[in-house]
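# An overview of the molecular structure
Listed below are the residues making up each chain.
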Amino acid sequence: MRLLFFLLFTLLPSITWAQTDRQIRMRIDSTLTARYYKTSYDTNYVARPEGKLTLKVKLNQTGNDFHAKGTVNDIYCKADLKTSHKTTMSFDVSYRGLSASVAINPAKMSGAYKDYEFNFNYYSSRLSLDFSYQRSESLAGDITRDDRGLQTMESGDLTLKVINLAGYYTFNYRRFSFPASFSQSYIQHRSAGSWLAGISYQGGTIETTDQLKVRKSDAPDISIESTLKSKPFISQLLL
């Protein structure tokens, strides 16, 4: 009998903790499920995926080509430059609308790719936002100037900084899902279109690096700026 009481006294905390842990997990799952299926969409057109867990693997390759020409202070200049390409493999996991992802760049891990890029995307039923920032020193190519002739720029000679920002508002958000096109967090069951109100901005600079000036005292001091602003616009999209 004493042995029985001893075993119950020893195992009771473990059993209680297991029950508490299970209750917490069930409560969290219930809350996420209610949030996941709570939607302002017309379910005849848009619905959530039925599975709890969504796994995605994506292979992505990006790069920038830059072509510019113009006359500044009576000096004609033409630039044909491009960055090295970036190849990444990303793994995305989503559970009841909560997502996490990790991207692997083999060239970055080996030290062959040193450019930096940051991306932020937000997609909801009404508002969507895309933001990206890139800083690159792999820009290389040719620059032709009337006063200096052809100059070949190598990787590390120039620094490129680019910002992109775009925002959209979906008017027919009950029947049209903007996230269904990009994140697969919704499914467009029936085709529908919507007018979108949006605004965008793109700005960038290309400048000579300090390393080039130290290495070549006669190197040109290059500074190129580009800005592309979009006034608020309205367009139609069909999905």
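So, on to the pattern of salt bridges. Oppositely charged side chains can pair when the atoms bearing their charge come close. Taken as a whole and assessed by the stated rule, the structure comprises 3 salt bridges. As a salt-bridge pair, Arg135 and Glu137 come within 3.2 Å of each other at their nearest N and O atoms. Exposure remark for Arg135: the relative accessible area of 35% places this residue in the partly exposed category. A relative accessible area of 28% means that Glu137 is categorised as partly exposed.

Moving on, we get to the environment of Ala103. Within the secondary structure, Ala103 is located in strand 6 (residues 98-104). Under the relative-accessibility criterion, Ala103 is labelled exposed at 54%. In this structure the C-alpha to C-alpha distance between Ala103 and Lys58, which are 45 residues apart in sequence, comes to 9.0 Å. If we skip the residues at most four places from it in the chain, Ala103 touches Met89 and Ser90.

This next bit is on the packing of aromatic side chains. Taken as a whole and assessed by the stated rule, the structure comprises 6 aromatic pairs. On the numbers, 5.2 Å between centres and 80° between planes, the contact of Tyr169 with Phe171 is edge-to-face. Joined through ring pairs, the aromatic side chains of Tyr123, Tyr168 and Phe178 make up one cluster. The ring of Tyr186 carries Arg48 above its face, with NZ or CZ at 4.0 Å from the centroid. Note that Arg190 overlies the ring of Tyr45, its terminal NZ or CZ placed 4.6 Å from the centroid.

Counting residues in hydrophobic clusters, the biggest one holds 13 residues, and the most contacted among them are Leu81, Leu139, Ile143, Met153, Leu158, Ile206 and Ile222. Mapped onto this core, the elements with two or more residues apiece are strand 4 (75-82) and strand 11 (158-170). Here this core takes 3 residues from strand 11, the largest share from any one element. Apart from residues lying up to four places away in sequence, Leu158 is in contact with Leu81, Ser136, Glu137, Leu139, Ile143, Met153, Ile206, Glu207, Thr208, Thr209 and Ile222. Counting residues in each nonpolar core, the second largest holds 6 residues, with Tyr41, Tyr45, Ala180 and Tyr186 among its members.

Rules used in this analysis
Residues numbered from 1 in each chain as written. Predicted model: local features only at pLDDT ≥ 70, side-chain atom pairs only at ≥ 80, totals over all residues. Heavy atoms only, no water. Salt bridge = Lys/Arg side-chain N within 4 Å of Asp/Glu carboxyl O. Buried < 20%, exposed > 50% of the residue type's maximum accessible area, 1.4 Å probe, protein only. Helix = DSSP H or I, 4+ residues; strand = E, 2+ residues; numbered from the N terminus. Contact = heavy atoms within 4.5 Å. Phe/Tyr/Trp six-rings, centres within 6.5 Å; stacked < 30°, edge-to-face > 60°. Lys NZ or Arg CZ within 6 Å of the ring centre and 35° of its normal. Core = buried A, V, L, I, M, F, W, Y, C linked by side-chain atoms within 4.5 Å.

Purely geometric numbers; function is a separate question.
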